[in-house]
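Examining the three-dimensional arrangement
Chain by chain, the residues:
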Amino acid sequence: MKQLAVIGSSGGNLYAQGGNNPKGMMDEIFAQADSAGVEVAYIQFIGTNGTMDTISEDAPARLWTLAGKDEVTCTEEEKLCEINERAKENDKALADLIRDGKIDGIMLMSCDPDGVNHEALSAAAKSGIPVAGTGGSSMAATQTLGCNVIAVSGTTGTTNRTRAISAISAFAKEWGLKYTPVIGKAEGADQVQEGSVWKRINFRGIMMASMPGFIAMALSLALSKILNIAVLEDVFNTLVDLLPILLAAIAARQVSGLDEVGIVAGIVGGALSTDGGIIGGLCVGILAGVFSYYIISFCLKHKVPGTTANIAAGGLAGLGSGLIGMFIIAPIAAWIGTGIKWAIDWALDYNAILAGGIAGFAIWFAILGGVYHAVILPIILLEMESAGFSFLGCIDLCGLIMVCAGIQLANIIAPGNRATGSPVFQIWWSISRLAPLRKPHTRSCSPAGKCLRRPLPLPPYPAF
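Predicted, not measured: the structure shown is a model, and the values here were computed from it.

Overview of the overall build of the protein
Check the secondary structure of the protein and you find 15 helices and 10 strands. A fraction of 67% describes how many contacts in the protein between residues 6 or more apart in sequence connect residues 24 or more apart. A total of about 22900 Å² of accessible surface is found on the protein, and carbon and sulfur atoms cover 64% of it.

Below is the structure:
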């Protein structure tokens, strides 16, 4: 049986997409690994009480490790700097296991290749064992170390389940194992997620989880314009009307921690308050999640049967939040949404160049602060909701999407190889050698909370 190690941290974006619940995350990995006949033989996961994009070394943290077959345990809460020192000791032990041939692969989630995970990943690079994982900056650094990366992805838009399925699928293919993803998991009605319900309110996490719906909406609009198919424009308008319900369902599920019950509450609440747009849907979904949590907690505390508790939590919470949304939140949210759209239109009419400069400035700092999807994306949706097009969306298209598309096109046309890189990289390398004073930089954050602007290394060509 293949032996798999899992290492990482609750990271930046990961915290809002499952990293705040390490046990649930590991349970998903255990389920998928068991389905592929793979044993999780080692775990080292640093869990914090907030995103590591903005965290200090004194922040509370725990170190999660393997406690037995498909079981995890964690240390007492300590300062992040102290947990990092513990993790470094574990990293040395994992490196020894890799050198001894006792680990066949590593799954990564927002790891720290330059810090607490450096020794293990260096050993993995030398041994050539397969590595798969998520985390844009961390996975790029992992590839730079020379690791045999067989699957890589950013964190945005992922869930505990999709990350586990993606990694285990890659390992199963690499090792020639038969694997059928485990979709769905029986959970009792009494399994209320631990921790304060208020701490689970995370706007960035809700917006990122809703991104597939936003993409479907954007694609329908684009195809209707490009192919001139009128029916697709009707599809777009329908999806716009359903956005509040989508956001409400996602918000209620994440905040309540009750999966299907939370989703039902969010759909009921969102359907009653669609006049509030995406702001109203977001607020009502959060309210439905809070109501669901307290209603089911009350029912279980007073020994109400599970079926009745589920019905009460989903139905009553959805109805209550929906009525509040319909008569109180929706009018206010609609006024706010109209005000934001009016402000953007006024800025464009006053001075389009100035408006573009301010928008670009705001987007840049939103990206650096890790709040782009929580701040800019809702405004883009507000514009599309009322006008069918978006000024900020155009900036996003030109400044981010088209640049990424160009990079992907370059790799498709001239892919290159791991030893020399793509021809595009070779050109960049040649130019950088002619201009040594101009050193590109990258911003990276370690689990210690230090965010540094480090110069990218220029190793002797052709090695990375």
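Looking at the packing of helix 7 (residues 211-226) against helix 8 (residues 230-256)
Between two packed helices, the angle of one axis relative to the other and the distance separating the axes together describe the packing. One way to put it is that helix 7 packs onto helix 8 with a least axis distance of 8 Å and a crossing angle of 165°. Considering their axes alone, helix 7 and helix 8 lie roughly antiparallel with respect to each other. Note that helix 7 runs across helix 8; the crossing there is left-handed. Two secondary-structure elements touch here, helix 7 through Gly-213, Phe-214, Ala-216, Met-217, Ser-220, Leu-221, Leu-223, Ser-224 and Lys-225 and helix 8 through Leu-232, Glu-233, Val-235, Phe-236, Leu-239, Val-240, Leu-243, Leu-246 and Leu-247. Tallied by class, the residues present in the contact of helix 7 with helix 8 amount to 13 nonpolar, three polar and two charged.

Points about the side chain of Gln-3
Its place among the elements puts Gln-3 in strand 1 (residues 2-9). A polar contact of 3.1 Å, which involves the side chain of Gln-3, links it to the backbone oxygen of Met-1. Beyond its immediate chain neighbours, meaning those up to four positions away, Gln-3 contacts Glu-39, Ala-41, Lys-102, Ile-103, Asp-104 and Gly-105.

Here we look at the pattern of salt bridges
By the definition in use, this model includes 10 salt bridges. Lys-69 serves as the salt-bridge partner of Asp-70, at 4.0 Å between the closest nitrogen and oxygen. What makes Lys-69 exposed here is its relative accessible area of 57%. With its nearest N and O atoms 3.6 Å apart, the salt bridge here joins Glu-119 to Arg-99. Of this pair, Glu-119 sits in helix 3 (residues 118-127) while Arg-99 sits in helix 2 (residues 80-99), placing them 20 residues apart in sequence. Taking relative accessible area as the criterion, Glu-119 reaches 30% and is therefore assigned partly exposed. You can call Arg-99 partly exposed: its relative accessible area is 49%.

About the cut-offs
- Residues numbered from 1 in each chain as written.
- Predicted model: local features only at pLDDT ≥ 70, side-chain atom pairs only at ≥ 80, totals over all residues.
- Heavy atoms only, no water.
- Helix = DSSP H or I, 4+ residues; strand = E, 2+ residues; numbered from the N terminus.
- Contact = heavy atoms within 4.5 Å.
- Areas by Shrake-Rupley, 256 points an atom, 1.4 Å probe, with all protein chains shown as cover.
- Axes fitted to C-alpha atoms, helices over the stretch in contact; angles between N-to-C directions.
- Parallel < 35°, antiparallel > 145°, perpendicular 65-115°, else oblique.
- Left-handed = near helix turned anticlockwise from the far one by under 90°.
- Nonpolar A, V, L, I, M, F, W, Y, C, P; charged D, E, K, R; others polar.
- Polar contact = N/O pair within 3.5 Å; in protein donor to acceptor, adjacent residues only side chain to side chain.
- Salt bridge = Lys/Arg side-chain N within 4 Å of Asp/Glu carboxyl O.
- Buried < 20%, exposed > 50% of the residue type's maximum accessible area, 1.4 Å probe, protein only.

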